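Letter by letter, the chains look like this.
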Amino acid sequence: MTAPIKSAEDLAKQTSILYGTMIGGSTYTFFKKAKIPTYKRMWSFMSTQKNPSVFVRNGSDGIARVRRSKGTYAYLLESTTNEYESTRWPCNTMKVGSNLDSKGYGVATPPDSDLREKITFAVLKLREDGDLQKLETRWWFENSQCKDKNEEKLDSSQALTLENFAGIFYILIGGLVSSVITALMEFIYRTVFKHQRLNHALCP
């Protein structure tokens, strides 16, 4: 599955593919309050589409609209939900581009509640022990309804990780070689300089 749109910038530069989000959701609010020119332009476009409106009442409507549109509508939503929906049958949706923003989830408690610290420490322990990652792997990937698509994504992700690691390795080697060359040149310079000073001192 390929996409003609690779990023938010690509969406903002065109008008043939409509795009929208859920009314009143966090993504809706993100674009409505955006200060970055690209996102402000996207909000201006979305808010002026009236017939039909590009906004939907809930996430299910947004996903369904994407599937009905056959490539003429993009639904903007939270990355976690996006990644999950991409593993659901009929496997005809995909996440495009990188995340527009970075926000975490939280658990709300009443002010001064005794549960606040307990929940905080419990979540931190789950993260440190790797349990949160295990849960994501279980429900997002192991229970995926799109096995071939998911395996392809994992393979490409692993390849990218290896490429990034190789790049860091090359940078470290390059830095080490540069340091050795610099130290060697400095040693030669000091040796020659001392030798010249010694010769001048011995001259009558």
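Read on for an overview of the structure. Being a predicted model, the structure only gives us computed values, none of them experimental. (Residues numbered from 1 in each chain as written. Predicted model: local features only at pLDDT ≥ 70, side-chain atom pairs only at ≥ 80, totals over all residues. Heavy atoms only, no water.)

This brings us to the overall build of the protein chain. Regarding its fold elements, the protein chain presents 8 helices and 2 strands. N-terminal to C-terminal, the α/β element order of the protein chain is α-β-α-α-α-β-α-α-α-α. Counting over 204 residues, the protein chain shows a buried share of 22%. Across the protein chain, contacts joining residues at least 24 apart in sequence account for 61% of those joining residues at least 6 apart. Counting every atom, the protein chain has about 15500 Å² of accessible surface; 60% of that belongs to carbon and sulfur. (Helix = DSSP H or I, 4+ residues; strand = E, 2+ residues; numbered from the N terminus. Buried < 20%, exposed > 50% of the residue type's maximum accessible area, 1.4 Å probe, protein only. Contact = heavy atoms within 4.5 Å. Areas by Shrake-Rupley, 256 points an atom, 1.4 Å probe, with all protein chains shown as cover.)

What follows covers the pattern of salt bridges. Per the stated rule, a full pass over the model turns up 3 salt bridges. Two residues, R57 and D61, come together in a salt bridge whose shortest N-O distance is 3.5 Å. Judged by relative accessible area, which is 27%, D61 ranks as partly exposed. The salt bridge involving E83 is made with K95; its shortest N-O contact spans 3.2 Å. You can see E83 sitting in helix 5 (residues 79-85) and its partner K95 sitting in the loop between helix 5 and helix 6 (115-128), a full 12 residues away along the chain. (Salt bridge = Lys/Arg side-chain N within 4 Å of Asp/Glu carboxyl O.)

For the rest of this paragraph, the subject is the environment of S69. Its place among the elements puts S69 in helix 4 (residues 59-69). A residue is classified by how much of its surface remains accessible, and S69, at 14% relative accessible area, is buried. Sequence separation of S69 and I17 is 52 residues, and the distance between their C-alpha atoms is 9.6 Å. In terms of polar contacts, S69 uses its side chain to reach the backbone carbonyl oxygen of V66, at 2.9 Å. (Polar contact = N/O pair within 3.5 Å; in protein donor to acceptor, adjacent residues only side chain to side chain.)

Here we come to the packing of aromatic side chains. Summed over the entire model, instances satisfying the criterion amount to 8 aromatic pairs. Here the aromatic rings of F30 and Y39 are separated by 5.3 Å at their centres, their planes lie at 55°, and the arrangement is tilted. The same class applies to F30 and to Y39, which are both buried. With a centroid separation of 5.7 Å and an interplanar angle of 40°, the aromatic rings of W43 and F55 are classed as tilted. Of this pair, W43 sits in helix 3 (residues 37-48) while F55 sits in the loop between helix 3 and helix 4; the two residues are 12 residues apart in sequence, bridging distant segments of the chain. The same class applies to W43 and to F55, which are both buried. Each residue in the set Y28, W43 and F55 is aromatic and connected to the rest through ring pairs, giving one cluster. Just above the ring of Y73 sits the side chain of R65; from NZ or CZ to the centre is 4.2 Å. (Phe/Tyr/Trp six-rings, centres within 6.5 Å; stacked < 30°, edge-to-face > 60°. Lys NZ or Arg CZ within 6 Å of the ring centre and 35° of its normal.)

The analysis is restricted to geometry; functional conclusions fall outside its scope.
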